[in-house]
Amino acid sequence: MRTLLTMLGIVIGVGAVIIMVAIGQGARSSIEAQINTLGTNMLVITAGASTAGGVSQGAGTFNRLQIEDAAEKLQREATLITAVSPVISTRTQLIGGAGNWRTEINGVSTDYQVIRDWPLASGTFFTQDDQRALRKVVVLGSTVAEALYAGMDPIGERLQLRSVPFTVIGVLAAKGQTATGTDQDDVVLVPYTTARARLSGRSFIAQILASTASPADIPAAQEEMSAIMRESHKLGDADDDFTIRNQNELAEAATGTTEVMTWLLAAIASVSLLVGGIGIMNIMLVSVTERTREIGIRMAIGARGSDVMVQFLVESIVISLAGGLLGILVGIAGSALVGSLTGWSTETSPQAVLMAVGFSGAVGVFFGFYPARKAASLHPIQALRYE
Amino acid sequence: MTAMSTRSEASPTRASGGLPSGDFIIDATALTKTYRMGTNEVHALRAVDLKVRAGEMIAVMGASGSGKSTLMNMLGCLDTPDSGSYLLDGVRVEGLSTNELADIRNQKLGFVFQGFNLLARTTAIDNVELPLLYDRTHRWSNPRATAIEALKKVGLGDRLDHVPSELSGGQQQRVAIARALVTSPRLLLADEPTGNLDSRTSVEIMALFQELNDEGITILLVTHEGDISRYAKRFIEMRDGRIIRDEDVDDRHIASVDLLTVDDPELAGTP
């Protein structure tokens, strides 16, 4: 009974650590999942900062990204990227279906769907042929489709973009919000060739997206793209006038915060593990005192100090490990409960479980050591005479 | 005489384990022990000399405070004397480390206590097996069987799996004796072995001791009961830390004979 109560300290400590880490990991992986909705193995080139007489003008002030960079040069020369698409971005009013809707129009290439890993809910995406022929076709984001064509199939419907009639050929599957809360589905995609000719007229573009076959290719692809871009822009010794970022960098920035939070939570929970350990030390000291006579008997029949010490150490390790194992069950059950009560996503990580077991073993050794040594250093006669 | 002066002449015999000092199991010279209680000094032992040959059965008597328990602890390697020399079965004991003393207790000595001192919630067989598990020479190939044999020898072959609380006092003491015997010790030390037992059971225990002694085990028992001391072969009386009498027992009683005449078993209150 007393041993059970002592164990409870470790059970709660280990359980708390696991629950806290589970909550932290859950938060982290839901952010990671959101980042992944941006696309797979994605690289983003944006116009870089220009420097005028030592005064930085900020990113994007001097935009020299051109259609030619993306559509022609990168596609032709870069060997490590499997897909590349320019993004010509403009906001305008749509008229069609139930009424009108202001949204973002993105002129992209056929590769865009691959890069963003964005399936269609219905219809088709535009083809190379559409792109070459500058066809006036649009693919709607699900928010736009819902706003203009609620309850009906928009495929084949006509709508107007800046008074230019377009035909709806597809609707994208819903992707949800980004980590920062932007609705990714509030968008309309058109071929970039059409966008340039009919909507914008600009040849400068906001972004170039690209993707590689595997995450391992990203660093090399980044260097290759950088070299091609520098050549294209004839930079010579000048600084880059563009920035290439990859998805991992975006993900790291976002998950870094949750990582810190996870460890903070775990550290707080560890305090209860420490308290549990002190409980074990307490009970072991009581046990040594109560069993002084037994220790004396064992010594009289030939137990060395080290034998007695091992006996008590093993005892405290068993108590704390048993508590640790129970704590794992409590932690797993607890994080499932927290998950279902609060709706937070929780994720019990094997590392946290291993760490908790290791930690409880260490607690057993650490807090068992002093009582065990006390037992081992008893004098046989005094131990035998102890009442 | 100090321990230092005698060490060099005796040290070559330490490793041999033989009996160079003329078959003496115990060869103690000028054992002295003084306890300090605050400012008082208690002279528990004042230069005690004691020689015991193999096969003896000795009763040590004396009032409490006479030093008999201290002597017992010294001879049992549970405590170390302040000065004097002690050869146990040819091994010089003073100067050994606590670990070496533990090994000597394990290999050469068997203890029987007044309060039985069995491990509670531990079966008889596990209690008896325990000393074998602490042995570091690994000379016991089958500790379990050896323990069962020892319990059979003390007449408890049918109580192997009983815990102490399920056994009578006499039976508990038999378990304790089996535990003391299981390592085939050179010397059995018994501290008031019958102190907690009724008179009939006491005689039964003494019969067991005599039987073991007849088989060649050297026994030294501390008691304050005159009746019990008559079962020994030799009698030592202590007072104020000194041996004041040391003589053979003239009218030695044989416990197995006494058992026939002692109180009727029905009335003796044996459990």
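Residue indices follow the written sequence of each chain, beginning from 1 at its first position. Chains carry letters from A onward and ligands carry numbers from 1 onward, assigned in written order. Two thresholds apply to this predicted model, a pLDDT of at least 70 for residue-level local features and 80 or more for giving and counting side-chain atom pairs, whereas whole-chain, interface and lining totals are computed over all residues. The basis for every side-chain value is the complete set of heavy atoms in the structure, and neither hydrogens nor water enter the calculation.

(A) Looking closely at the pairing of strand 11 (residues 207–212) of chain A. Residues and elements named next belong to chain A. To sort residues, take the accessible area from a 1.4 Å probe on protein chains only and compare it with the maximum for the residue type: under 20% means buried, over 50% means exposed, and anything in between is partly exposed. Each helix is a run of H or I in the DSSP string that is no shorter than four residues. Each strand is a run of E no shorter than two, and both are numbered from the N terminus. Summarising burial for strand 11: five of the six residues are buried, a large majority. Strands pair, by our definition, only if DSSP identifies at least two bridges between them. The pairing of strand 1 (residues 42–47) with strand 11 spans five bridges and is classified as antiparallel. Looking across to strand 11, one finds that Leu-43 is bridged to Ala-210. Judged from the six bridges that link them, strand 4 (residues 81–96) and strand 11 form a sheet pairing that is antiparallel. Across the sheet, Val-87 pairs through a bridge with Gln-207, a residue of strand 11.

(B) Region of interest: unusual backbone geometry. For A:Arg162, which is not a glycine, the phi torsion comes out positive at approximately 45°. Relative to the assigned elements, A:Arg162 resides in the loop between strand 8 (158–161) and strand 9 (164–172). Overall, the relative accessible area of 39% leaves A:Arg162 in the partly exposed class. Despite not being glycine, B:Cys77 has its phi angle at roughly 60°, a positive value.

(C) Up close: helix 2 (residues 68–75) of chain B. Residues and elements named next belong to chain B. With seven of its eight residues buried, helix 2 lies for the most part within the structure. For helix 2, the complete set of buried residues consists of Lys-68, Thr-70, Leu-71, Met-72, Asn-73, Met-74 and Leu-75. Taken from the residues just after helix 2, Cys-77 is the one with a positive phi, measuring 60°.

(D) The arrangement of the sheet that holds strand 1 (residues 24–37) of chain B in detail. Pairing is antiparallel in the open sheet, where four strands are placed in the order 2-1-4-5 (chain B). The open sheet terminates on both sides in strands that have one partner only, identified here as strand 2 (40–53) and strand 5 (91–92) of chain B.

(E) Up close: a nonpolar patch on the surface. Residues and elements named next belong to chain A. A grouping of Met-1, Leu-4, Leu-5, Leu-8 and Ile-12 is seen on the molecular surface, where their side chains present a nonpolar patch of about 550 Å² in accessible area. Residue placement: Met-1 occurs in the segment before helix 1 (2–36). Accessibility expressed as a relative area gives 73% for Met-1, which makes it exposed. Patch definition: residues above 30% relative accessible area lacking any salt bridge, with like charges linked at up to 9 Å and the nonpolar side chains Val, Leu, Ile, Met, Phe, Trp and Tyr linked at up to 5 Å. The Shrake-Rupley method, run with a 1.4 Å probe, gives the accessible areas here. Residue values count only the displayed protein chains as cover. Within this document, salt bridges are pairs made up of a side-chain nitrogen of Lys or Arg and a carboxyl oxygen of Asp or Glu, the two lying within 4 Å of each other.

(F) Structural context of the packing of aromatic side chains. Residue and element names in this part refer to chain B. Each Phe, Tyr or Trp ring (for Trp, its six-membered ring) is paired with any other whose centre lies within 6.5 Å, and the angle between the two planes then decides the class: stacked below 30 degrees, edge-to-face above 60, tilted in between. The full count for this structure, using the stated rule, is three aromatic pairs over all chains. Between the aromatic rings of Phe-111 and Phe-113, the centroid separation amounts to 5.8 Å while the plane-to-plane angle is 5°, which identifies the pairing as stacked. Among the residues examined, Phe-111 registers a relative accessible area of 5% and is labelled buried. We classify Phe-113 as buried; its relative accessible area is 10%. Across the ring face of Phe-24, the terminal group of Lys-51 is positioned such that the distance to the ring centre comes to 5.8 Å. Counting as a charge over the ring demands two things of the Lys NZ or Arg CZ atom: a distance within 6 Å of the ring centre and an angle within 35 degrees of the ring normal.

(G) Geometry of the nonpolar core. In these notes, a set of buried Ala, Val, Leu, Ile, Met, Phe, Trp, Tyr and Cys residues joined through side-chain atoms within 4.5 Å is what counts as a nonpolar core. B:Ile26, B:Leu31, B:Tyr86, B:Leu88 and B:Leu220 are the most contacted members of the largest nonpolar core, which totals 65 residues. Ranked by residue count, the leading element in this core is helix 11 (residues 350–376) of chain A, at seven residues. When residues no more than four places from it in sequence are discounted, the contact partners of B:Tyr86 are B:Ile26, B:Asp27, B:Ala28, B:Leu31, B:Met74, B:Leu75, B:Cys77, B:Val91, B:Arg92, B:Val93 and B:Glu94. With 42 residues, the next largest nonpolar core counts B:Leu118, B:Trp140, B:Leu156 and B:Ile219 among its residues. Contacts are assigned to residue pairs with any non-hydrogen atoms lying within 4.5 Å of each other.

(H) Expanded view of the confidence of the model for chain A. All names here are of chain A. Scored by pLDDT, chain A has a mean of 82; 89% of the residues are at 70 or more. Along the chain, pLDDT gives the predictor's confidence residue by residue, from 0 to 100. Confidence, read as mean pLDDT per element, is least for strand 2 (residues 51–52) in chain A (45) and greatest for helix 9 (residues 292–300) (92). In this model, residues 50–54 is a region of pLDDT below 50 whose contacts with residues beyond four sequence positions or in other chains number eight contacts. Note that residues 56–62 has pLDDT below 50 and, in this model, 19 contacts with residues that lie over four places away or in other chains.

(I) Fine view of the environment of A:Ile295. All names here are of chain A. By the element assignment, Ile-295 lies in helix 9. Separated by 14 residues in sequence, Ile-295 and Met-309 place their C-alpha atoms 10.0 Å apart. In contact with Ile-295, other than residues within four places in its own chain, are Val-288, Val-308, Phe-312, Ala-375 and Leu-378.

(J) The sheet that holds strand 8 (residues 218–222) of chain B, seen in detail. Residue and element names in this part refer to chain B. Taken together, the six strands give an open sheet; going across it, the order is 6-7-8-3-9-10, and neighbouring strands pair in mixed fashion. Looking along the sheet, the strands with just one partner apiece sit at the ends: strand 6 (109–112) and strand 10 (242–248). Strand after strand, the sheet turns through a mean of 20° between neighbouring axes, direction not considered. Across four bridges, strand 6 lies against strand 7 (residues 187–191) in parallel orientation. Bridged to Phe-111 within strand 7 is Leu-189. Sitting on the sheet, helix 2 is in contact with strand 3 (57–62), strand 6, strand 7, strand 8 and strand 9 (234–239), with an inclination near 150° to strand 7. Axis lines are fitted to C-alpha atoms, over the contacting stretch for helices. Their N-to-C directions set the angle, which ranges from 0 to 180 degrees.

(K) Up close: the pattern of salt bridges. All names here are of chain B. Enumeration over the complete set of coordinates arrives at 28 salt bridges over all chains. Between Arg-234 and Glu-56 there is a salt bridge, with the nearest N and O atoms lying 3.1 Å from each other. One end of the pair, Arg-234, is in strand 9; the other, Glu-56, is in the loop between strand 2 and strand 3, with 178 residues separating them in the sequence. The buried category is assigned to Glu-56, whose relative accessible area is 17%. Of the charged contacts, one joins Asp-89 and Lys-108 as a salt bridge, the two residues approaching to 3.0 Å between their closest N and O atoms. A residue pair is termed long-range when its members are at least 10 positions apart, and Asp-89 in the loop between strand 4 (83–88) and strand 5 and Lys-108 in helix 3 (residues 98–108) qualify at 19 residues. What makes Lys-108 buried here is its relative accessible area of 17%.

(L) Seen up close, the interface of chain B and chain A. Contacts between the two partners involve 18 residues from chain B, matched on the other side by 19 residues from chain A. Accessible surface is computed with a 1.4 Å probe, and the buried area is the amount of it that two parts give up when combined, taken over both parts together. Note on chain B versus chain A: buried area summed over both sides is about 1800 Å², and carbon and sulfur give 55% of it. Linking chain B with chain A are two salt bridges. The salt bridge partner of A:Arg304 is B:Asp103, with a shortest N-O separation of 2.3 Å.

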